[in-house]
Amino acid sequence: MVAAAAGVSRATVSRVVNGSTSVTPEIVEAVNAAIADLDYVPNRMARSLASRRTDVIALIVPESTSTVFADPFFAPVVRGVARTLADTDYTLNLLIASESRPDKTRRYLLGGNVDGALVVSHHVDDHSYVGLGDQLPIVYGGRPLNPELAASYHVDVDNVASARTATEHLVGLGRRRIAMIAGRQDMPAGVDRLDGWRQALEAAGLDADQAPVEFGDFSQLSGSQAMERLLGRASGAPSSDGVPIDAVFAANDQMAAGAIQVLQARGIAVPDEVAVVGFDDDSFAASFTPALTTIHQPAAELGAAMADVLVRRIAGEDPPRRTLIPTRLIRRASA
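Residues numbered from 1 in each chain as written. Predicted model: local features only at pLDDT ≥ 70, side-chain atom pairs only at ≥ 80, totals over all residues. Heavy atoms only, no water.

Draft legend 1. View of the pattern of salt bridges. In the structure shown here, the tally under the stated rule is nine salt bridges. When the shortest N-O distance is used, the salt bridge between Asp246 and Arg177 registers 3.9 Å. Linking Asp246 in the loop between α10 (220–231) and β8 (247–250) with Arg177 in the loop between α8 (159–172) and β6 (178–182), this pair joins segments that are 69 residues apart in sequence. For the salt bridge of Arg184 with Asp186, the shortest nitrogen-to-oxygen distance reads 2.7 Å. Within this structure, Asp308, Arg312 and Glu317 form a network of salt bridges that share partners. (Salt bridge = Lys/Arg side-chain N within 4 Å of Asp/Glu carboxyl O. Helix = DSSP H or I, 4+ residues; strand = E, 2+ residues; numbered from the N terminus.)

As structure tokens, this is what we get:
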């Protein structure tokens, strides 16, 4: 009807509606006048059926709802993704997925609902995405630990090198009894940051095998519990005041904050007796007392890069399978 009213072909109407620059201004004016007269509105569902495109991208977080809204890492990732998609036709859908129903996630992803997916905070036993890479463009935040996903596209920071930097800073302060509060070992950040800590200790001539390490789940409470366990250890060479360690590297700022709370409750001065370094540079880092020395992980930039790689993949391009975002040490009062 629009084409007939404007005296042009349906293909020309389609080009005008989609903003093509190959149509003359006079024809654009005629088509737009016909659209206005007929109150025409493009039907997204019909266009999707014709083009086999949905113009929708899913951001999938395989975590509990309480974790997603409590962890300050996720909000800047979402902002970064949204910033990249703002100048495109894509709409962003947030999906908080549970591995208790991996079939539900797979059905959604393969049901023609999205053009591609971003997966952040995944675990080694996440099976929802295995085998999907050939059917749907997917980009991961962090290298997948699952060997079946080893060839996947992902955006990450160099967690090993960054953890080395954090630990080397503590070594440079003269600390020799450097403990670690490591994160979950079913997640790439947990595995790689523990590896970087060990590498730095070995490079400094310290016995990484004998250095104390406790594990948390990246929450503040787990950092407090891990710190309690570290202080309760009977082994290690205690200082003159009986504290078995003189520094702690925590795998994220939330656990570092929890560790400091325990140290303060015990009357152990930070950083004079025990220096603490975290990772992420999130809202816990600058607002905590003392302010946390930490590794700055640009979460918004990571999200933006993930979205950029995915949009390029959907467009048929072949971006690098691995994109690394640089980090840096932020020195504050805790170390």
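Draft legend 2. Structural detail: helix α3 (residues 25–38). In a regular helix each residue adds 1.5 Å, so 14 residues correspond to 20 Å; α3 covers 20 Å between its end C-alpha atoms and thus fits that length. Phi turns positive, to about 55°, at Asp39, one or two residues after α3. (Expected span 1.5 Å × (residues − 1).)

Draft legend 3. Up close: the packing of aromatic side chains. Scanning the model with the defined rule gives two aromatic pairs in all. Relative to Phe74, the ring of Phe73 lies with its centre 5.6 Å away and its plane at 70°, an arrangement referred to as edge-to-face. Pair check on accessibility: Phe73 and Phe74 agree, each one buried. With a centroid separation of 6.2 Å and an interplanar angle of 80°, the aromatic rings of Tyr129 and Tyr140 are classed as edge-to-face. Of the two residues, Tyr129 is situated in the loop between β3 (116–120) and β4 (138–141) and Tyr140 in strand β4; the sequence distance between them amounts to eleven residues. An identical accessibility class is assigned to Tyr129 and Tyr140; each is buried. (Phe/Tyr/Trp six-rings, centres within 6.5 Å; stacked < 30°, edge-to-face > 60°. Buried < 20%, exposed > 50% of the residue type's maximum accessible area, 1.4 Å probe, protein only.)

Draft legend 4. Representation of the sheet that holds strand β2 (residues 91–96) within the structure. Judged by pairing direction, the sheet is parallel, and its six strands sit side by side in the order β2-β1-β3-β4-β5-β11 without closing on themselves. Looking along the sheet, the strands with just one partner apiece sit at the ends: β2 and β11 (322–325). In this sheet, neighbouring strand axes are inclined to one another by 20° on average, regardless of whether the strands run parallel or antiparallel. Two elements, strand β1 (residues 56–61) and β3, share four bridges in a ladder whose sense is parallel. Looking across to β3, one finds that Leu59 is bridged to Leu118. (Pairing = 2+ DSSP bridges. Axes fitted to C-alpha atoms, helices over the stretch in contact; angles between N-to-C directions.)

Draft legend 5. Here's a closer look at the packing of helix α2 (residues 10–17) against α3. Viewed as axis vectors pointing N to C, α2 and α3 meet at an angle of 90°, and their least axial separation amounts to 10 Å. By the criterion of interaxial angle, the relationship of α2 to α3 is roughly perpendicular. The residues of α3 that touch α2, namely those facing Thr12, Val13, Val16 and Val17, are Ile27, Val28, Val31, Asn32 and Ile35. Tallied by class, residues from the contact of α2 with α3 come to seven nonpolar, two polar and no charged. (Parallel < 35°, antiparallel > 145°, perpendicular 65-115°, else oblique. Contact = heavy atoms within 4.5 Å. Nonpolar A, V, L, I, M, F, W, Y, C, P; charged D, E, K, R; others polar.)

Draft legend 6. Main features of unusual backbone geometry. Cis geometry is found at the peptide bond from Val270 to Pro271, where omega equals 10°. Position of Pro271 relative to the elements: it lies in the loop between α11 (253–265) and β9 (275–280). Between Thr289 and Pro290 the backbone carries a cis peptide bond, its omega angle lying at 0°. Note on placement: Pro290 falls in the loop between α12 (283–287) and β10 (293–296). Unlike most non-glycine residues, Ser121 shows phi in positive territory, near 65°. Considering the arrangement of structural elements, one finds Ser121 in the loop between β3 and β4. The phi angle at Asp280 is positive, at roughly 125°, despite the residue not being glycine. Tracing the sequence through the fold places Asp280 in strand β9.

Draft legend 7. Molecular detail of the side chain of Asp253. Within the secondary structure, Asp253 sits in helix α11. Buried charge without a partner: Asp253 forms no salt bridge, and the closest opposite charge is Arg332, 6.1 Å away. Those residues in contact with Asp253, other than ones at most four positions away along the chain, are Gly278, Phe279, Asp280, Asp281, Asp282, Phe284, Ala285, Leu292 and Thr294. (Lys, Arg positive; Asp, Glu negative; His and termini not counted.)

Draft legend 8. Looking closely at α8. Over its 14 residues, α8 runs 20 Å from end to end, which matches the ideal 20 Å to within 8%, given 1.5 Å per residue. Following α8 by one or two positions, Gly174 has its phi on the positive side, about 90°.

Draft legend 9. The nonpolar core, seen in detail. Ranked by size, the top nonpolar core spans 50 residues in total, and within it Ile181, Trp197, Met227 and Phe249 carry the most contacts. Among the elements of the structure, α8, β6, α9 (188–203), α10, β8, α11, β9 and α12 are those that each provide at least two residues to this core. Sorting elements by how many residues they give to this core places α11 first, with seven residues. Not counting chain neighbours up to four residues away, the residues in contact with Phe249 comprise Ala163, Ala166, Thr167, Leu170, Ala179, Met180, Ile181, Arg193, Trp197, Val277, Gly278 and Phe279. Counting 25 residues, the second-largest nonpolar core is a separate cluster that includes Phe74, Ala299, Leu302 and Ile314. (Core = buried A, V, L, I, M, F, W, Y, C linked by side-chain atoms within 4.5 Å.)

Draft legend 10. Here's a closer look at the packing of α8 against α9. Running from N to C, α8 and α9 cross one another at 45°; their axes reach a closest spacing of 7 Å. Between α8 and α9, the angle falls in the class oblique. The way α8 lies across α9 gives a crossing that is right-handed. Across the interface between the two elements, Asn159, Val160, Ala163, Arg164, Thr167 and Glu168 from α8 touch Ala189, Asp192, Arg193, Asp195, Gly196, Trp197, Gln199, Ala200 and Leu201 from α9. For the contact of α8 with α9, the per-class residue count stands at six nonpolar, four polar and five charged. (Left-handed = near helix turned anticlockwise from the far one by under 90°.)

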